[in-house]
Structure formats: structure tokens, C-alpha cells
Amino acid sequence: MPSVEQTQPLISHLLELRNRLLRALVAVLIVFLGLIYFSGDIYEFVSKPLVDKLPEGATMIATDVASPFFTPLKLTLIASVFIAVPLILYQVWAFVAPGLYKHERRLIMPLMFSSSLLFYAGVSFAYFVVFPLVFGFFTAISLGGVEFATDISSYLDFVLALFMAFGIAFEIPVAIILLCWTGATSPDELRSKRPYIIVIAFIVGMLLTPPDIISQTLLAIPMCLLFEVGLFFARFYVRKDEDEEEQVEE
């Protein structure tokens, strides 16, 4: 059986983890309470790219009785999580920082900050660039006798999937830097596999986006560009030898 001395650190770590999770949840709750009054405005803002492209006289619809109430609340909750991402990442950082070396702390903090910015950049790119093109394409395709009307709940699921796809895809530079820094690969190895990575980018674009060539291409091209950005910065974060790491610690 483990001794009391062995179980004490485990309990303290679990308590610390619980406190960090509670603080992250409280941060999300505070943001949610601050935004809940504007839930309708938030949904109108998110739905604007489609509404602007709807045919004259067409509107969005609600096929469920409770959709007009719960759909904006769902969006507001998810928006609260998005907004609170820096606070959530800080709690993660505060939890793992004591177990990191000094040079590791110097790397992780900038990466957490840049990962937040890249995620927001991906979401913004989807909203301002992808949505107008995709919805313009969809609304231009009309079938005889079919009226274009989109359910508000289905629309929310659609745009959230695109938000997550582009937000995660824009994290490619951070992923490449971490892979090179941990020694899992090197910039030269990744550079030699560029043709395969380009093909993989288009396959990922096909899997993560709706089945139309526009959104697939608009996701794959930024992924390829971000891959090049990651390669450029990864050369500054190539894993050092153990002797060099000891010198850094000293």
C-alpha cells in the first residue's frame, strides 16, 4: 500500500486541478451572464452572412417550438467559452508551470498566447471570408418549386462546425513548433514531405467542411500557408541536446 507521504502529493495535485477547473468554469459563467442579455443580438450577428445572401422575401425559420429561445442561449454559451479561452489557458498554464523547466516555461507561455490568437484568427477568417462565399454559392443554387428557408438550429450547428474546423486548422504553426521542439520531427523532415502534407491538407479540408469545393479549398489553402509559417518559426525551436539544456538551466 502506498505510504502517506506518497499519497499527499497526489491529493494536493488533485485539489489544485479541481480549483483550476472551478476557476475556468466560473470565468465562463461570468462571461455567459454578461452576454445572456444580448443573446438575440449575438445570434443575429452570427446569422448575418446567410441573411444577407437570402433571396428576396426568404427568411430563416424555426421548426421546433423552443428553438427561438434555446438556440441563442446555446450560441451565447459557446461564445462565452470562446471568449474565456485565454482565461482557461491561463489556468492550464498555472497548473502545469510548477513542473516545467525554466526554458520550457519560456516556450509554453508564448505558444499559449499565440494559439489563442490563431484560434480567433481562424474563426474570424471563417466568418468574414468563408461564410459570404459559401452562403452566396448555396443560395444561388435554386430548385424549381423549392423555397430556400434554413432552420435556425441547423444553421447554428453548421456554422459552429466551420468555426471549430477553421479555429483548429489555424493552430498548425503551434503544432509544428511543438513537434520540432519535442524532437518528434524536424523542419527539414517536414519540408521534404511538403507534397504529401499539401494532399493531406485538402483531404482534411474535405472531411472537416461541408461537401462543397469552395469551403474545402478555403480551408486547405490557409492550412498550407500556415504550414509554411510553422516551418519558418520551428527552426528557432529545434530541440537542444541534453548538454545544451543543462547549460541553459544553469
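- As recorded in an unreviewed UniProt entry, the protein chain goes by the name Sec-independent protein translocase protein TatC, listed as coming from Vibrio renipiscarius.
- Its UniProt record, at the heading Subunit (unreviewed entry), says of the protein chain: "The Tat system comprises two distinct complexes: a TatABC complex, containing multiple copies of TatA, TatB and TatC subunits, and a separate TatA complex, containing only TatA subunits. Substrates initially bind to the TatABC complex, which probably triggers association of the separate TatA complex to form the active translocon."
- We quote the UniProt Function (unreviewed entry) comment for the protein chain here in full: "Part of the twin-arginine translocation (Tat) system that transports large folded proteins containing a characteristic twin-arginine motif in their signal peptide across membranes. Together with TatB, TatC is part of a receptor directly interacting with Tat signal peptides."

Quick notes on the UniProt feature "transmembrane region" (unreviewed entry) in the protein chain
Item 1. Taking the UniProt record as the reference, the feature "transmembrane region" (unreviewed entry) is found at residues 21-40, 75-96, 117-138, 158-184, 196-214 and 220-238.
Item 2. Between the end C-alpha atoms of residues 75-96 there is a gap of 31 Å, over a span that is 95% helix and 0% strand.
Item 3. Structurally, residues 158-184 comprises 85% helix and 0% strand, and the distance from its first C-alpha atom to its last is 35 Å.

Things to note about the packing of aromatic side chains
Item 1. Enumeration according to the criterion identifies 15 aromatic pairs in this entry.
Item 2. Ring geometry for phenylalanine 135 versus tyrosine 155: centroids 5.6 Å apart, planes at 45°, classification tilted. Residue phenylalanine 135 is found in helix H5 (residues 102-140), and its partner tyrosine 155 is found in helix H6 (residues 152-169); the two are separated by 20 residues along the sequence.
Item 3. When its relative accessible area of 2% is taken as the criterion, tyrosine 155 is described as buried.
Item 4. Note on phenylalanine 135 and phenylalanine 158: the rings are 5.8 Å apart at their centroids and 45° apart in plane angle, and the pair reads as tilted. Placement of the pair is phenylalanine 135 in helix H5 and phenylalanine 158 in helix H6, with a sequence separation of 23 residues.
Item 5. A relative accessible area of 22% places phenylalanine 158 in the partly exposed class.

A few points about the packing of helix H3 (residues 67-83) against H6
Item 1. The geometry of H3 relative to H6 is characterised by a closest axis approach of 10 Å and an angle of 15° between their N-to-C directions. Here H3 is positioned roughly parallel relative to H6, judged by the angle of their axes. In this structure, the crossing between H3 and H6 has a hand that is left-handed. Residues Ser67, Pro68, Thr71, Lys74, Leu75, Ile78 and Phe82 of H3 lie in contact with H6, whose contacting residues are Ile152, Ser153, Leu156, Asp157, Leu160, Phe163 and Met164.
Item 2. Counted by class, the contact of H3 with H6 contains nine nonpolar, three polar and two charged residues.

Regarding a nonpolar patch on the surface
Item 1. Residues Leu10, Leu14, Leu17, Leu21, Val92, Phe95 and Val96 make up a contiguous nonpolar surface patch of about 580 Å² in total accessible area.
Item 2. For the nonpolar patch, the secondary-structure elements that each account for two or more residues are helix H1 (4-35) and helix H4 (85-96).
Item 3. Broken down by element, the nonpolar patch gets its largest block of residues, four residues, from H1.
Item 4. For phenylalanine 95, a relative accessible area of 30% translates into the label partly exposed.

A few points about the nonpolar core
Item 1. Counting residues in hydrophobic clusters, the biggest one holds 51 residues, and the most contacted among them are Phe131, Tyr155, Val159 and Phe163.
Item 2. Considering every element that reaches this core, the biggest residue donor is H5, with eleven residues.
Item 3. Once you skip the residues sitting within four places of it in the chain, valine 159 turns out to touch Val46, Phe131 and Phe135.

Brief notes about the layout of surface pockets
Item 1. When its volume is computed, the largest pocket comes out at roughly 340 Å³.
Item 2. What lines the largest pocket is a set of 16 residues, and nearest its centre among them are Phe45, Val46, Ala79, Phe82 and Val123.
Item 3. Taken together, the elements giving at least two residues each to the lining of the largest pocket come down to helix H2 (39-51), H3, H5 and H6.
Item 4. Taken together, the residues that form the lining of the largest pocket break down as 15 nonpolar, one polar and no charged.
Item 5. Of the voids in this model, the second largest pocket is the one considered here, and its volume is about 260 Å³.
Item 6. Taken together, the elements giving at least two residues each to the lining of the second largest pocket come down to helix H7 (172-182), helix H9 (194-208) and helix H10 (213-234).

A word on the pattern of salt bridges
When charged atoms on two side chains of opposite charge get close, those side chains can pair.
Item 1. Tallied over the entire structure, the rule returns five salt bridges.
Item 2. Aspartate 52 serves as the salt-bridge partner of lysine 48, at 2.8 Å between the closest nitrogen and oxygen.
Item 3. Among the residues examined, lysine 48 registers a relative accessible area of 43% and is labelled partly exposed.
Item 4. Across the salt bridge formed by glutamate 228 and arginine 194, the nearest N and O atoms sit 2.6 Å from each other. Taken together, the residues glutamate 228 in helix H10 and arginine 194 in helix H9 connect sequence positions 34 residues apart.

A few points about the packing of H3 against H4
Item 1. For the pair H3 and H4, the least separation of the axes is 4 Å and the interaxial angle reads 55°. Taken together, the axes of H3 and H4 are oblique relative to one another. On H4, the residues that touch Val81, Phe82 and Ile83 of H3 are Val85, Pro86 and Ile88.
Item 2. Looking at the contact of H3 with H4, its residues break down into six nonpolar, no polar and no charged.

About the thresholds
Residues numbered from 1 in each chain as written. Predicted model: local features only at pLDDT ≥ 70, side-chain atom pairs only at ≥ 80, totals over all residues. Heavy atoms only, no water. UniProt positions renumbered as here; feature names shortened; annotations may be inferred. Helix = DSSP H or I, 4+ residues; strand = E, 2+ residues; numbered from the N terminus. Phe/Tyr/Trp six-rings, centres within 6.5 Å; stacked < 30°, edge-to-face > 60°. Buried < 20%, exposed > 50% of the residue type's maximum accessible area, 1.4 Å probe, protein only. Axes fitted to C-alpha atoms, helices over the stretch in contact; angles between N-to-C directions. Parallel < 35°, antiparallel > 145°, perpendicular 65-115°, else oblique. Left-handed = near helix turned anticlockwise from the far one by under 90°. Contact = heavy atoms within 4.5 Å. Nonpolar A, V, L, I, M, F, W, Y, C, P; charged D, E, K, R; others polar. Patch = residues over 30% accessible without salt bridge, like charges linked within 9 Å, V, L, I, M, F, W, Y side chains within 5 Å. Areas by Shrake-Rupley, 256 points an atom, 1.4 Å probe, with all protein chains shown as cover. Salt bridge = Lys/Arg side-chain N within 4 Å of Asp/Glu carboxyl O. Core = buried A, V, L, I, M, F, W, Y, C linked by side-chain atoms within 4.5 Å. 1 Å grid on protein atoms, 1.4 Å probe; cavity = no way out; pocket = protein on both sides within 12 Å on 5 of 7 lines; lining within 4 Å. Points joined across faces, edges and corners; volume = space filled by probe spheres on them.

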